[in-house]
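# Analysis of the macromolecular model
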Amino acid sequence: MLNTQKIEKKWQERWEEAKVFEADAMPGKKKFFCTFPCPYINAYPHIGHLYTIMRVEAFARYKRLHGYNVIFPQAWHATGSPIIAAAKRVQEREEKQIQMMKDMGISKEELPAFEHAEHWIDFFAPAFEKDFREIGLSIDWRRTFYTTSLNPHYDAFIRWQFRKLKEKKSVVKGKFPVVWCPKCKNAVSDHSRSKGEGETTQEFVLVKHKLVGSNDLIITATLRIETILGTTNLWIHPDVEYVRAVVNNEIWIISKEAVDKLSGQTRSVKIFGIILGKELIGKIVEEFNGKKIPILPGMFCTPDKGTGIVHSVPSDSPDDWIALQDLQRNHLLCEKYGLDYRTIEELRAIPILDTPGYGDMPAMHLCEEFGIQHQTDEKKLLEARKALYKKSFYESIVNGLYKNFFGKNLEGMKVTEAKEIIKKELLQHGFELFYELTGPVVCRCLTVCIPKIVSDQWFLAYSDEQWKQDAHHCLNQMKLYPDTVRQQFEYVLDWLHNWACTRKEGLGTALPWDKQWIIESLSDSTIYMAYYTISHLLSSLDAKKLDDALFDYIFLGKGNLQQLAKKYECSETLLKQMKVEFDYWYPLDFRNSGKDLVQNHLAFFIFNHVAIFPKEKWPISIGVNGWITVDGEKMSKSLGNMIPLREISTKFSVDAARFTIVSGGEGMDDPNWDSAFAAAMKQKLETYHEFCLEYYNKGRNTHTSLDAWVESRFHAIVKQTTAAMEETAFRTATQLLFFELQQAIKWYLKRCHNEPNKKCIQQIIEAQTIMLSPFSPHIAEEIWHAIGKKGFVCQQQWPRPEKNKIQRDLEVGEEIIKTVLSDINSVLKLIKKEKPEKITLFVSVLWKYSLFALIHDIMQGTKNPNIILQYILQQKEMKQHGKEIMKFLPKLLGSGKIPVTVETDDAEMSVLHHAKKFLEEEFRCHVEILKAANAGHPKAAHALPGRPAIVVE
RNA sequence: GUGGGGGUAGCAAAGCCUGGUCAAAUGCGCAGGACUUAAGAUCCUGUCUCUUAGUGGGUUCGAGGGUUCGAAUCCCUUCCCCCACACCA
């Protein structure tokens with residue numbers, strides 16, 4: 001048994017000593033720069049990280065074997081709120097958080113330290129590095145850093161980045177609705193809530209209804225502005241007190257509860273009167289289009305939702321429909337509020353939308369479907385409403401009433417489209433927007449949160465057309481692994497609009513020109529790969545002195561070297577060196593991440609690169625992969641199937657785990673981690689190690705056709721493996737270079753009775769070990785060393801496939817022998833004979849005829865037309881002329897059986913003659929090989945090209 | 001719903017673009033055998049089903065249609081799974 005942990009450690013130390021993975025600019029030498037996105041360091045890394053980073057790692061090691069000067073740097077991400085929020089939770093000793101800390105193996109004594117965000121970084125950054133080192137990643141650790149203002153050098157870099165963006169007008173100011181805590185006077189992110197995780201703001205439109213005979217406006221709020229033409233009446237709760245208030249020079253009637261919400265949203269609201277719902281019932285309001293409708297009693301109106309008043313669209317709202325039904329059935333109620341029930345009865349729902357499956361009165365149908373009897377059936381109504389909203393939003397079509405909507409014809413348009421147009425028009429005609437939360441949110445300070453419009457929010461202007469075009473341009477010339485993600489990228493680049501890039505809380509860099517803001521996490525991590533090229537040199541400068549001039553010089557080649565050196569009190573050489581490093585390494589050659597980052601990080605990455613850097617520094621390629629599943633199940637904390645990296649060495653061995661995870665899958669599919677495979681793989685690698693030691697110096701010097709065969713297989717496999725590696729199809733590559741090659745070797749050794757050609761087997765062992773090294777580097781080094789090779793395996797040359805050594809006919813020959821072997825075995829098994837006395841092989845023809853000659857022969861007659869047919873179907877001509885031929889072939893086959901004489905193919909005969917000795921030894925009996933055509937044995941008729949008939953005696 | 005990626009034997013995963021050599025690679029798992037004092041490892045054999053002195057038949061590649069002499073592969077319909085739909089890592 002190998003001590004894998006010892007081996008891992010040994011080689012990691014040796015690589016470190018020899019600085020194998022430290023790469024510096026070497027102008028003139030080909031280079032490869034690859035990165036894995038900074039992981040967020042609020043917990044230990046796990047096997048999910050491993051899969052994605054292995055794609056970078058394997059590619060990096062592969063490129064090194066091709067003589068590239070490779071850098072693979074790694075930094076840590078701490079920008080944003082999760083760490084701060086977690087620290088706060090620790091401070092509060094929140095149960096869940098404490099449990100999480102415990103699960104991570106953090107003791108009670110250590111807890112107080114985790115109350116401070118800085119400690120998380122101090123703790124996890126080294127932890128990540130340790131874990132990453134322990135799985136043998138070929139990272140240049142000199143270049144490591146972490147993000148946020150806690151790293152002043154990086155901080156200066158981010159400030160430079162944002163000033164550059166601002167210069168290009170890529171950062172703009174705008175309005176933005178947020179979840180707001182009135183007490184903390186802060187936006188409350190998901191992580192800082194004690195209740196209401198996942199709730200966001202929701203955009204309503206405020207509809208103004210003019211009370212006839214006064215200047216008062218009754219305000220309703222709706223999510224479904226596209227139904228505006230279906231309004232038949234207003235609902236108001238008779239027993240609720242509403243207020244009259246001056247809102248931006250208008251008089252509004254709204255619920256008390258609505259006042260706070262409205263005033264939080266850039267409005268001044270002054271209450272000057274109270275009005276009971278009852279007082280308004282029966283009155284008439286005038287709509288924006290002049291239509292007059294009544295105000296009716298609706299008990300379902302709740303003052304804390306919207307404005308507490310509802311406009312009624314009975315055609316498309318189950319609530320409105322059933323409320324209207326209730327009222328129309330209830331004469332007493334009408335009388336109670338002094339309403340004329342005849343006019344009430346005449347109120348009819350107005351069809352406005354066509355909803356597939358429900359026609360133009362979906363609310364009515366849904367009330368029936370859900371068995372809703374009364375407006376107090378809240379549960380059922382909620383379900384019906386949800387069902388309808390969803391269906392209607394995506395599937396309904398607006399009808400003829402919208403033929404002339406402010407001069408626009410919307411008839412036949414989908415709701416998703418029409419909605420935006422309707423909203424836009426109405427906003428121009430005095431309607432207003434209003435935000436509500438999708439559900440109750442309570443801040444960490446236990447204050448109930450409200451929606452608020454922040455008016456000085458900064459955005460990255462991704463909606464800018466020119467910027468989008470540049471991004472597309474960049475994408476078009478980029479290589480994507482796999483290319484199937486391209487469409488997704490195209491879509492995302494188009495779809496992205498302005499991104500709110502600043503926050504009020506969290507870790508990060510202060511926005512240089514507006515220090516109340518902190519740059520948001522995704523926005524600060526878009527071009528930091530450039531920072532890798534200089535991070536190890538930059539840290540020797542005094543952070544306080546750093547400013548834009550430095551980065552302008554390094555990244556954009558502006559400014560005077562002498563002056564700058566003076567300014568930063570450093571040598572010119574150092575500054576120059578930084579510039580050389582950047583110019584040499586950039587552009588970035590390969591960036592790989594999970595597929596979930598396509599729509600944000602990777603898209604931002606493209607955008608910001610094209611904004612800041614000249615074309616020749618734009619990224620070269622992006623790799624994208626799926627999400628790991630563990631033994632067929634989604635990986636999650638709750639399932640308890642997270643495998644932390646730190647457990648890998650002891651549980652599976654690093655080499656086995658690295659190999660396993662890569663063979664889990666490729667492309668965009670979710671790959672699978674198979675624990676049983678990992679365990680088996682550990683054993684296989686050990687066996688492989690033993691095999692190499694046993695066979696490396698074994699063998700003869702003579703060269704046979706069998707050696708030529710194994711060489712052919714070897715070169716074919718190397719060729720395929722290389723092609724797969726180039727496409728980052730690492731699963732395919734591992735399958736080929738390990739299993740496929742093993743199989744070939746096994747057969748080879750069997751055929752040559754464990755007496756391989758020395759040169760052949762050495763070449764194969766060396767090559768296989770080299771090809772294995774990107775995946776399982778420790779064991780590869782161990783083998784390399786053990787077979788007496790000098791240097792590191794990771795610094796060797798990737799094997800070169802030699803085309804002229806690949807000989808198809810040799811492979812076909814061995815296939816025939818394999819078939820014969822397996823056929824004899826099945827016969828032996830069937831007749832339960834262990835020791836045959838004699839085996840006779842009847843060899844048929846390899847048809848040399850052209851297809852048409854064959855058909856001619858069939859017309860002459862044959863012993864078995866079906867066999868011929870089968871053979872015909874495989875021929876190239878069939879692919880070209882298949883249709884014509886098949887039309888008349890059945891007729892031919894229907895004709896009689898006339899014996900036909902055919903020539904035996906010499907190739908097959910000679911293959912079998914060569915293998916005769918092998919077969920005889922295999923079965924320990926005499927083997928006879930005859931031409932089927934003139935054997936005269938009844939079994940001989942079974943012979944097929946490439947598959948002799950067999951008689952065992 | 002929209003955009004993207006998928007659905008293949010017990011599990012995982014090739015094949016699909018470019019239809020025929022596909023009952024479908026490979027690996028894991030499982031079963032039997034050899035070796036061994038034994039375990040592990042290793043090696044061999046089998047692993048849809050029925051047959052059989054083997055190269056044969058049947059039914060399979062989410063489901064249902066279609067194109068074709070021929071479909072896992074091309075086209076249409078449909079169901080299911082994953083990712084994203086944002087202000088955040």
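Summarised in this report is the structure supplied together with it. (Residues numbered from 1 in each chain as written. Chains lettered and ligands numbered in written order. Predicted model: local features only at pLDDT ≥ 70, side-chain atom pairs only at ≥ 80, totals over all residues. Heavy atoms only, no water.)

## Points about the environment of Lys698
By the element assignment, Lys698 lies in the loop between α26 (675-695) and α27 (705-726). In this view, Lys698 contacts Asn754, Pro756, Lys758 and Ile761; residues no more than four positions away in its chain are not counted. (Helix = DSSP H or I, 4+ residues; strand = E, 2+ residues; numbered from the N terminus. Contact = heavy atoms within 4.5 Å.)

## Here's the deal with the sheet that holds strand β24 (residues 590-594)
Strand order in the open sheet formed by five strands is β2-β1-β24-β25-β20, and the pairing between neighbours is parallel. If you trace the sheet from one side to the other, it starts and ends with β2 (69-71) and β20 (479-481), each paired once. Mean inter-strand twist for the sheet, computed between neighbouring axes without regard to direction, equals 20°. (Pairing = 2+ DSSP bridges. Axes fitted to C-alpha atoms, helices over the stretch in contact; angles between N-to-C directions.)

## Some points on helix α3 (residues 82-91)
Regarding α3, the residues found buried are Ile83, Ala85, Ala86, Ala87, Arg89 and Val90. Taken together, the buried residues of α3 touch α4 (95-103) and α5 (117-134). The first or second residue beyond α3 is Arg93, which carries a positive phi of 55°. (Buried < 20%, exposed > 50% of the residue type's maximum accessible area, 1.4 Å probe, protein only.)

## Examining the packing of aromatic side chains
Each aromatic ring pair is summarised here by two numbers: the centre-to-centre distance and the angle between the ring planes. Using the criterion set out here, one finds 63 aromatic pairs in the structure. An angle of 25° between the planes, with centres 6.0 Å apart, marks the rings of Phe157 and Trp160 as stacked. Of the two residues, Phe157 and Trp160 both sit in helix α6 (residues 152-167), three residues apart, roughly one turn of that helix. Phe157 gets classed as buried once you look at its relative accessible area, which sits at 0%. On the accessibility criterion, Trp160 (0% relative accessible area) is buried. Between Tyr688 and Phe738, the aromatic rings sit 5.8 Å apart at their centres with planes inclined by 70°, giving edge-to-face as the arrangement. With Tyr688 in helix α26 and Phe738 in helix α28 (residues 730-751), the pair connects residues that are 50 residues apart, well separated along the chain. Grouping residues by exposure puts Tyr688 and Phe738 together as buried. The ring of Trp513 has Lys166 lying over it, and the distance from NZ or CZ to the ring centre is 4.7 Å. Positioned over the ring face of Tyr341 is Arg342, at 5.5 Å from the centre of the ring. (Phe/Tyr/Trp six-rings, centres within 6.5 Å; stacked < 30°, edge-to-face > 60°. Lys NZ or Arg CZ within 6 Å of the ring centre and 35° of its normal.)

## As for the protein's contact with RNA strand B
Close to RNA strand B lie 62 residues; Tyr40, His497, Asn600, Lys684 and Arg731 are nearest. In RNA strand B, atoms within 4 Å of the protein come from the sugar-phosphate backbone in 61% of cases. Gln488 places a side-chain nitrogen or oxygen 2.7 Å from a sugar or linking oxygen of RNA strand B. One of the side-chain N or O atoms of Asp670 is found 2.7 Å from a sugar or linking oxygen in RNA strand B. Top contributing element to the surface near RNA strand B by residue count: α26, with six residues. (Near = heavy atom within 4 Å. Polar contact = N/O pair within 3.5 Å; in protein donor to acceptor, adjacent residues only side chain to side chain.)

## Observations regarding the environment of Phe33
Looking at the element boundaries, Phe33 is found in strand β1 (residues 31-35). Since its relative accessible area comes to 0%, Phe33 is described here as buried. Between the C-alpha atom of Phe33 and that of Pro587, which follows or precedes it by 554 residues, the distance is 7.8 Å. Each residue touching Phe33, except ones within four places of it in the same chain, is listed here: Ile71, Pro73, Met529, Tyr532, Thr533, Trp585, Tyr586, Pro587, Leu588, Asp589 and Phe590.

## Digging into the sheet that holds strand β30 (residues 926-931)
Think of a sheet as strands paired side by side through backbone hydrogen bonds, with each pair either parallel or antiparallel. The three strands lie next to each other as β30-β29-β31, forming an open sheet whose pairing is mixed. What marks the edges here is a single partner per strand, and that holds for β30 and β31 (949-952). The sheet shows a mean angle of 20° between the axes of neighbouring strands, direction not considered. Running over the sheet, helix α31 (residues 808-830) touches β29 (838-843) and β31 and is turned about 40° from β31.

## With respect to the nonpolar core
Ranked by internal contacts, the top residues of the largest apolar core, which has 125 residues, are Phe124, Phe132, Trp673, Phe775 and Leu841. Discounting chain neighbours no more than four positions away, the residues touching Phe124 are Ile41, Asn42, Ala43, Tyr44, Met104 and Phe114. Core analysis: the second largest hydrophobic core is formed by 80 residues, Tyr154, Tyr553, Val598 and Phe607 among them. (Core = buried A, V, L, I, M, F, W, Y, C linked by side-chain atoms within 4.5 Å.)

## Brief notes about the packing of helix α25 (residues 654-662) against helix α30 (residues 777-786)
At a minimum axis distance of 7 Å, the contact between α25 and α30 shows a crossing angle of 125°. One finds that α25 runs oblique with respect to α30. For the pair α25 and α30, contact is made by Val654, Asp655 and Arg658 and by Pro777, His778 and Ile779, respectively. Of the residues assigned to the contact of α25 with α30, the class counts are three nonpolar, one polar and two charged. (Parallel < 35°, antiparallel > 145°, perpendicular 65-115°, else oblique. Nonpolar A, V, L, I, M, F, W, Y, C, P; charged D, E, K, R; others polar.)

## Concerning the state of the cysteines
Every disulfide links exactly two cysteines, by a covalent bond between their sulfur atoms. Summed over the entire model, instances satisfying the criterion amount to zero disulfides. Counting only cysteine sulfurs, Cys34 is the nearest neighbor of Cys38, a cysteine outside any disulfide, at a range of 14 Å. A relative accessible area of 12% means that Cys38 is categorised as buried. (Disulfide = S-S within 2.5 Å.)

## Some points on unusual backbone geometry
Pro482 follows Tyr481 through a cis peptide bond whose omega is -10°. Looking at where Pro482 falls in the secondary structure, it is placed in the loop between β20 and α16 (486-495). Its identity is not glycine, yet Arg93 carries a phi of approximately 55°, on the positive side. With respect to the helices and strands, the residue Arg93 is situated in the loop between α3 and α4. A relative accessible area of 36% places Arg93 in the partly exposed class. Phi is positive for His753, close to 50°, though the residue is something other than glycine.

## Looking at the pattern of salt bridges
One pass over the structure, following the stated rule, counts 52 salt bridges. Between Glu802 and Lys805 there is a salt bridge, and its shortest N-O distance comes to 3.8 Å. For Glu802, a relative accessible area of 32% gives the class partly exposed. Three or more residues are tied together by salt bridges with common partners; here these are Glu22, Asp24, Asp140, Arg142, Arg143 and Glu581. (Salt bridge = Lys/Arg side-chain N within 4 Å of Asp/Glu carboxyl O.)

## A look at the pairing of β1
On a regular strand, one side chain projects to one face of the sheet and the next to the other, so that they alternate. Of all five residues that make up β1, five are buried, and the element is covered over most of its length. Of the two faces of β1, both are covered, the one formed by Lys31, Phe33 and Thr35 as well as the one formed by Phe32 and Cys34. When β1 meets β2, the two strands line up parallel, connected through three bridges. Directly across from Phe33, in β2, lies its bridge partner Ile71. Following the backbone out of β1, through helix α2 (residues 47-65) and into the adjacent parallel β2, one traces a crossover that is right-handed. The pairing of β1 with β24 spans two bridges and is parallel. If you follow Cys34 over to β24, its bridge partner there is Phe590. (Right-handed = clockwise from strand over helix to strand, strands pointing away.)

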